[in-house]
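Chain and residue survey
Here's the letter readout for the chains.
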Amino acid sequence: MTTQEQEAGERRWAPTYRAHCPRCRQSGRAFSSYGNAEDAARGHAGKHNHTTHVVDQYGIRVVGSTQRPGDDLASH
Ligand SMILES: [Zn+2]
């Protein structure tokens, strides 16, 4: 694949983000906004007590997106 083709591919596919739970081995719905996916991950972490994170459209974990149960009140 040439560099030109890679750039065209990136333009065609807008980035999407989804919450992913390794414990459930499930990903949530795709969001175009990272913040929405992070909210979904945080919601799952709180509801199910699972550590979750956000993945991009390639299924790659977004650095710093990890949501741990109970993190809401912790400020480090
Ligand atoms: Zn889960």
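Residues numbered from 1 in each chain as written. Predicted model: local features only at pLDDT ≥ 70, side-chain atom pairs only at ≥ 80, totals over all residues.

Quick look at the overall build of the protein chain now. For the protein chain, the helix and strand inventory stands at 2 helices and 3 strands. Its helices and strands taken in sequence order, the protein chain reads α-β-β-α-β from the N to the C terminus. Residues counted as buried form 20% of the 76 residues belonging to the protein chain. Looking at the protein chain alone, contacts between residues at least 24 apart form 34% of all its contacts between residues at least 6 apart. (Helix = DSSP H or I, 4+ residues; strand = E, 2+ residues; numbered from the N terminus. Buried ≥ 20, exposed ≤ 12 C-beta atoms within 10 Å, placed from the backbone. Contact = placed C-beta atoms within 7 Å.)

Turning our eyes to something else, we now look at the sheet that holds strand S2 (residues 26-27). Backbone hydrogen bonds are what pair the strands of a sheet, in a parallel or an antiparallel way. Taken in spatial order, the 3 strands of this open sheet run S2-S1-S3, and their pairing is antiparallel. Taken across any chain shown, the strands that pair with only one partner, and hence form the sheet edges, are S2 and strand S3 (53-55). Sheet topology places strand S1 (residues 18-21) next to S2; 2 bridges connect them, and they run antiparallel. The partner of His-20 across the bridge, within S2, is Ser-27. Strands S1 and S3 of the sheet are contacted by helix H2 (residues 34-48), whose axis makes an angle of about 30 degrees with S1. (Pairing = 2+ DSSP bridges. Axes fitted to C-alpha atoms, helices over the stretch in contact; angles between N-to-C directions.)

Take unusual backbone geometry next. Within the chain, Arg-25 stands out as a residue other than glycine whose phi angle is a positive 55 degrees. In this fold, Arg-25 is placed in the loop between S1 and S2. Arg-25 gets classed as exposed once you count the C-beta atoms within 10 Å, which come to 7. Located in the positive-phi region is Asn-49, a residue other than glycine, with phi close to 60 degrees. Looking at where Asn-49 falls in the secondary structure, it is placed in the loop between H2 and S3.

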